[in-house]
Amino acid sequence: ATGKTQPYTDYRATDSTLVYLDSTYDLSVNLNTDGNYTIQAMAWIDWNNDSDFDDPGEEYVLGSAQNTADGPTSQSPLSITVPSNAAIGPVKMRVSAKFASAPTACETDFDGEVEDYALVVSPNSGMGLGRLFGQAGLISPNPSTGEFSIQFDVLQAKVHVLIYSQEGQVVSDETFS
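This is a predicted model, so every value here is computed, not measured.

(A) Fine view of the nonpolar core. Ranked by internal contacts, the top residues of the largest apolar core, which has 24 residues, are I45, W47, L62 and V121. Those residues in contact with W47, other than ones at most four positions away along the chain, are G57, E58, Y60, I80, T81, V82, P83, A86, A87, V91, L119 and V121.

(B) Up close: the packing of aromatic side chains. Applying the stated criterion across every chain, the model contains three aromatic pairs. Where Y37 meets F99, the ring centres are 5.7 Å apart and the plane angle is 80°; that geometry is what we call edge-to-face. You can see Y37 sitting in the loop between strand 4 (30–31) and strand 5 (38–45) and its partner F99 sitting in strand 9 (residues 89–99), a full 62 residues away along the chain. A centroid spacing of 6.5 Å and a plane angle of 50° characterise the contact between W44 and F53, whose relative ring orientation is tilted. Both residues of the pair, W44 and F53, count as buried.

(C) Highlighting the pattern of salt bridges. Scanning all chains against the criterion turns up four salt bridges. When the shortest N-O distance is used, the salt bridge between R12 and D10 registers 2.7 Å. Relative accessible area serves as the criterion here: at 33%, R12 is assigned to the partly exposed category. D10 sits in the partly exposed class, given a relative accessible area of 32%. The salt bridge involving D116 is made with R94; its shortest N-O contact spans 2.7 Å. Pair noted here: D116 is in strand 10 (residues 112–122) and R94 is in strand 9, with a separation of 22 residues, a long-range link.

(D) Looking closely at the side chain of D116. You can call D116 buried: its relative accessible area is 0%. A distance of 2.6 Å separates polar atoms of two side chains, one belonging to D116 and the other to Y8. A distance of 2.7 Å separates the side chain of D116 from the side chain of R94, its partner in a polar contact. Not counting chain neighbours up to four residues away, the residues in contact with D116 comprise Y8, T9, D10, Y11, R12, K92, M93 and R94.

The rules behind these values
- Residues numbered from 1 in each chain as written.
- Predicted model: local features only at pLDDT ≥ 70, side-chain atom pairs only at ≥ 80, totals over all residues.
- Heavy atoms only, no water.
- Core = buried A, V, L, I, M, F, W, Y, C linked by side-chain atoms within 4.5 Å.
- Buried < 20%, exposed > 50% of the residue type's maximum accessible area, 1.4 Å probe, protein only.
- Contact = heavy atoms within 4.5 Å.
- Phe/Tyr/Trp six-rings, centres within 6.5 Å; stacked < 30°, edge-to-face > 60°.
- Helix = DSSP H or I, 4+ residues; strand = E, 2+ residues; numbered from the N terminus.
- Salt bridge = Lys/Arg side-chain N within 4 Å of Asp/Glu carboxyl O.
- Polar contact = N/O pair within 3.5 Å; in protein donor to acceptor, adjacent residues only side chain to side chain.

The following block contains the structure:
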């Protein structure tokens, strides 16, 4: 219920949602059709964080809403599962609503609205870090209140570690020898 004050709004810096690998979440979108009109809605999630929405599994059809001031789309809530190979950390979710036809991820100059949100992808508690670093590893405790240990099964000359808050902000960016 953000309200259309402009055609595009980026909410990534002000709000984020924590999601876990292989977990399923419901996405609901409510629309204001401004009268007896039909509005189509779509969502895209850049799971691999490659700055586009062109990859398989990144597009979600949310359906339509008609003649409503704050009504759900026909496919809301839509169940979305976070892929097991999603990028860890903040990823972009784009939601777009368009009059009379389905929007595309990067469309401009149309009667509708586009909003971007941040999802912060996290491994499930106790998950190893092997896919993050290309080797077997473990972080404990996970989740942490601030103090934790990272253990690797293979010795490496240098390891680059980024630590994100639940809001998707980088709180530590360190390279260890």
